[in-house]
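Results of the structural survey
Spelled out, the chains give:
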Amino acid sequence: MKRALICFPVLFIFVAILSGCWDVKDINKRYLPVVMGISKGQNDNYRIILQVPDIKGGTQFLEGESKSISKAVEIIRTKAEKEVDLMHVRLFLISQELAQQGIKNIVDFAMRSNDISIKSMVAIVSGDFEKTLFHEIKRTPEVSSYDYFSEEAGWTPDVSINRLWEAYRSVYSYTEDFAVPLVQAGERTLFEFQGSAIMSRDRMVGTLSANETLINNIFQERYMDGTIELSSDASILIKKATIRNKARWRSSGPNLQSRIHLVISILENKNEKTNAEIALEIKGLLEKRAHVISDKLRSLKADILGNGQAFRPIMNDQQLKNWKETWFPQLNHQITVTVNVRDNQDYKEEMK
Amino acid sequence: MNDLKKAKWELQLMEQMETSADFRSSTFSAGDHQMTLYYLKSLVDLNETVGMMKSLLGQSTQAAPSSVDLAGCLLEGKAIVSLNGLDAPLIITPVELVLNRPIMSPQTVQPLQGAFDSFTENLDANIGLLRKKLKRKDFAAEAYTTGTNTHREIALVYLKGAVHKNVVDFMKQKLAKNRAADVHNVSDLLKLLEQPRISLVPSYLSSELSEETAQNMLAGKVIVLIDQFPFALAFPAIIKDLWSLRSDLNNPVLFRLFYRFIRIAGILFSIVTPSLYVILNAVNPELLRIQLALSVAESREGVPYPSIVEVCLMLLLFELVIEATIRLPKGIGPTLTMIGGIILGQAIVQAHLVSNLLIIILAASSIANFTITGYINTIGIRIFKYGALFLSAIFGIFGLEAALLWFCVYLAGLKPLSVSYLSLHLKGNSAYD
């Protein structure tokens, strides 16, 4: 007993001294940036801008510029009077110019550094990068730039979202590319959504409009109450969408049948159309739109719908490696949409 | 009376009791007898005794004159009679002065649902209270006199049909083995029962309420009553006693479950909240949502020292307030609480000595601590809180997990009185039936 009484404290002190977290800094001695902006500086340098929010609604901006991202962050750290902690970075804003040259290096850096959360989101800024980054709206706590993309806050299905780990996966994947939201500084709101950037491997090769992004989100099975306008003065709300892919490898090349099943409810119906008519109309509209996007993506060699995923089990190694270059452009993609109308107000539907 | 006439034992007795101011001898004649009565004035009612002398003499016992225990008899409240013409002393049981408090309502607890009578200092009265509550044939009350210098009556009270046989056997064996040890207080009793000296949770429940104690007996506990000690100690305590009171059973089932859930949450809260404050502030702020992180950082703005120092300082102040108010008379207690509340709650935050979030955290922790049933149970948890706090300050969230895990392992290893502490009930195997 006596020996244990002496041994235990001594051992405990050793453990505490040798392995404790002694270099911790209190939370009020840290800057907690929420947004990290990355653009091109002079001489191919990276220019890093960090947005540090303040509880009173203001924002502090920290800047640094260097050949590598980590050195630029280091320069910021040297300048700052507090520890700069990247663990709360929730949004990476990348300038369009940089995105067109490739973002592999940025994604790699973020994944490698242990303190950045891999759940952070990635977006591309078109237009004036500095104006977007330094944009402040009065009376809004500056965490709103993150809220814009947050599924718990301001996200709508017209906006694509892309998390860091998804970007990393897609950069290295044989069979999938990704869409990144494209924003620019808004007039009265923080951002204005411009559509989605189509990324082929790590490079931005084109854009999708907001309407087209909705289709992409349906393919990713990621939506909450997206609204679609029909030509005939009616608009509907997509409640739920499920997608089934059936992949076949024919002698002519890969062949994919996608069946989209939508559960919709009608929001506006000025011309008093029957449900069946609306369902038919939405089916035609979405099928047409989807085919347009599918064709466009094949021509850009950017598989952001993830069609290649369906072929993984039936491809051999060589086909897998050549998917994006050789096989995806040859893909024969058929898309069919089925629609179910829910929340019917008109109980005498059949009599019409 | 002439001293020369006194017997040898009388002289011896007077010499032994020389230092007792309340030792008296009085000589009087009753009928044709001349008799001398030796007694302690503080324990014996002389007038009543003399009045009843005839019947008392009839029940007297005659002791050998050489017996040295005459002084001991006096201390137990007996009186010694010397009849002239009879050489041996007669020991009688006189009418005692009443030195006992009546049965009153409890002083240290507030029973919500249940009987209001509480134990007194008198051992027999206490056993009587229990007997009245439990009219059962298998009610067992075994008396032991312990001690060599101090004689103290200890009663082991239990229900043969409900109790765990191992527990009774264990306690009887220890009582028989260590009978010679003096029992001045509960700590001596625990030593006598060979309980671990240092323990985070007590191995007994102490209660002033006869109702609660009777219910504890029904639940299979063994009650130890000590003479001149108005609390019943129920052995052994199990983990369930941290959150369940027997008087809960006087409430509807749903309400009882609710109470118990709250108390279990209270245990967790009281341990975890100060540690979490340090963890979220210093070691792992990434666990906070950004909005919360900002307001936490804001509340700590201007506080000059690290959060562990801040927490220790405030915890110490809180402990001081608890310790200072607990024994104060009812008139002055609220004053201190008010001063403490103002100093701790307002001024210390305005002086930027601690963050106001910490005040909330600590208040939550101490309120949660007092939801645990029985004051004696709360203290171990209060002590353990510091262990968890220091581990958290060093190792972050991992340290807190390790501390909680260690606490569970520690409790699992406890086996006071041959029953595992983590048992959820004590119902015996009714070996006595």
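Residues numbered from 1 in each chain as written. Chains lettered and ligands numbered in written order. Predicted model: local features only at pLDDT ≥ 70, side-chain atom pairs only at ≥ 80, totals over all residues. Heavy atoms only, no water.

Scanning chain A from terminus to terminus reveals 12 helices and 14 strands. Considering chain A as a whole, with its 352 residues, one finds that 50% of them fall into the buried category. Accessible surface for chain A amounts to roughly 17,800 Å². Of this, 50% is attributable to carbon and sulfur atoms. (Helix = DSSP H or I, 4+ residues; strand = E, 2+ residues; numbered from the N terminus. Buried < 20%, exposed > 50% of the residue type's maximum accessible area, 1.4 Å probe, protein only. Areas by Shrake-Rupley, 256 points an atom, 1.4 Å probe, with all protein chains shown as cover.)

Paired through their backbone hydrogen bonds, the strands of a sheet run either parallel or antiparallel. Residues and elements named next belong to chain A. What the 8 strands build is an open sheet, ordered β4-β3-β2-β6-β7-β8-β9-β10; its pairing is mixed. Two strands bound the open sheet, and with one partner strand each, they are β4 (59-66) and β10 (203-208). If you compare each strand with its neighbour and ignore which way they point, the axes differ by 30° on average. Of the pairings in the sheet, the one linking strand β6 (residues 91-95) to strand β7 (residues 121-125) comprises 5 bridges and is parallel in character. Bridge assignment links Leu-93 to a residue of β7, and that residue is Ala-123. Lying over the sheet, helix α2 (residues 69-79) contacts β2 (35-40), β3 (46-53) and β4, oriented at roughly 130° with respect to β4. (Pairing = 2+ DSSP bridges. Axes fitted to C-alpha atoms, helices over the stretch in contact; angles between N-to-C directions. Contact = heavy atoms within 4.5 Å.)

Tallying the contact residues gives 27 residues for chain B and 25 residues for chain A. The contact between chain B and chain A buries some 2,100 Å² in all, and 65% of this surface belongs to carbon and sulfur atoms. When the area that chain B buries against chain A is broken down by residue, the three leading residues are B:Ile290, B:Leu294 and B:Ile394, summing to 28%. At the junction of chain B and chain A, the tally comes to 2 salt bridges. One salt bridge in this structure joins A:Lys82 and B:Glu301, with 3.8 Å as the shortest N-O distance. (Buried area = accessible area lost by both parts, 1.4 Å probe. Salt bridge = Lys/Arg side-chain N within 4 Å of Asp/Glu carboxyl O.)

Note on placement: A:Asn307 falls in helix α10 (residues 307-311). Those residues in contact with A:Asn307 that lie beyond four places of it in its chain are A:Leu256, A:Trp323, A:Phe328, A:Leu331 and A:His333.

Bringing the domain arrangement of chain A into the picture now. Residue and element names in this part refer to chain A. Domain boundaries in chain A define domain 1 (25-208) and domain 2 (222-352). Buried area between domain 1 and domain 2, summed over both chains or domains, comes out near 1,900 Å², and the portion from carbon and sulfur atoms is 57%. At the boundary of domain 1 with domain 2, the tally comes to 1 salt bridge. As a salt-bridge pair, Asp-177 and Lys-324 come within 2.9 Å of each other at their nearest N and O atoms. Across the domain 1-domain 2 interface, the total number found is 8 residue pairs in polar contact (both at pLDDT 80 or more). Of all the secondary structure elements, the ones that give two or more residues to the side of domain 1 that touches domain 2 are α7 (164-172), β8 (178-185), β9 (191-200) and β10. (Domains from an automatic or database assignment. Polar contact = N/O pair within 3.5 Å; in protein donor to acceptor, adjacent residues only side chain to side chain.)

Given 3.6 residues per helical turn, the α-helix brings residues three or four places apart onto the same face. All names here are of chain B. Between its first and last C-alpha, helix α11 (residues 307-326) extends 28 Å over 20 residues, near the 28 Å set by a 1.5 Å rise per residue. Within the sequence span of α11, burial applies to Ser-307, Glu-310, Val-311, Met-314, Leu-315, Phe-318, Glu-319 and Ile-322. Down the axis of α11, the smallest arc covering the buried residues is 160°, so these residues share one side. The secondary structure elements touched by the buried residues of α11 are α9 (253-283), α10 (290-300), α12 (333-350), α13 (356-369) and α14 (375-395). (Expected span 1.5 Å × (residues − 1). Arc of directions from axis to C-beta.)

On to the sheet that holds strand β9 (residues 222-226) of chain B, then. Residues and elements named next belong to chain B. In spatial order, the strands read β6-β7-β9-β10-β8; together these 5 strands make up an open sheet with antiparallel pairing. The open sheet has two edge strands with one neighbour each: β6 (139-146) and β8 (205-207). Averaged over all neighbouring strand pairs, the angle between strand axes comes to 25°, with direction disregarded. Relative to strand β10 (residues 232-235), β9 runs antiparallel, the two sharing 4 bridges. Note on β10: the bridge partner recorded for Ile-223 is Ala-234. Packing against the sheet, helix α8 (residues 210-218) makes contact with β6, β7 (152-159), β8, β9 and β10, and its axis sits at approximately 55° to β7.

So, about the pairing of β10(A). Residue and element names in this part refer to chain A. With 5 bridges connecting them, β9 and β10 associate as antiparallel partners. For Ile-198, the partnering residue across the bridge sits in β10 and is Gly-206. Where β9 hands over to β10, the hairpin turn is made up of 2 residues, of which Arg-201 adopts a positive phi near 50°.

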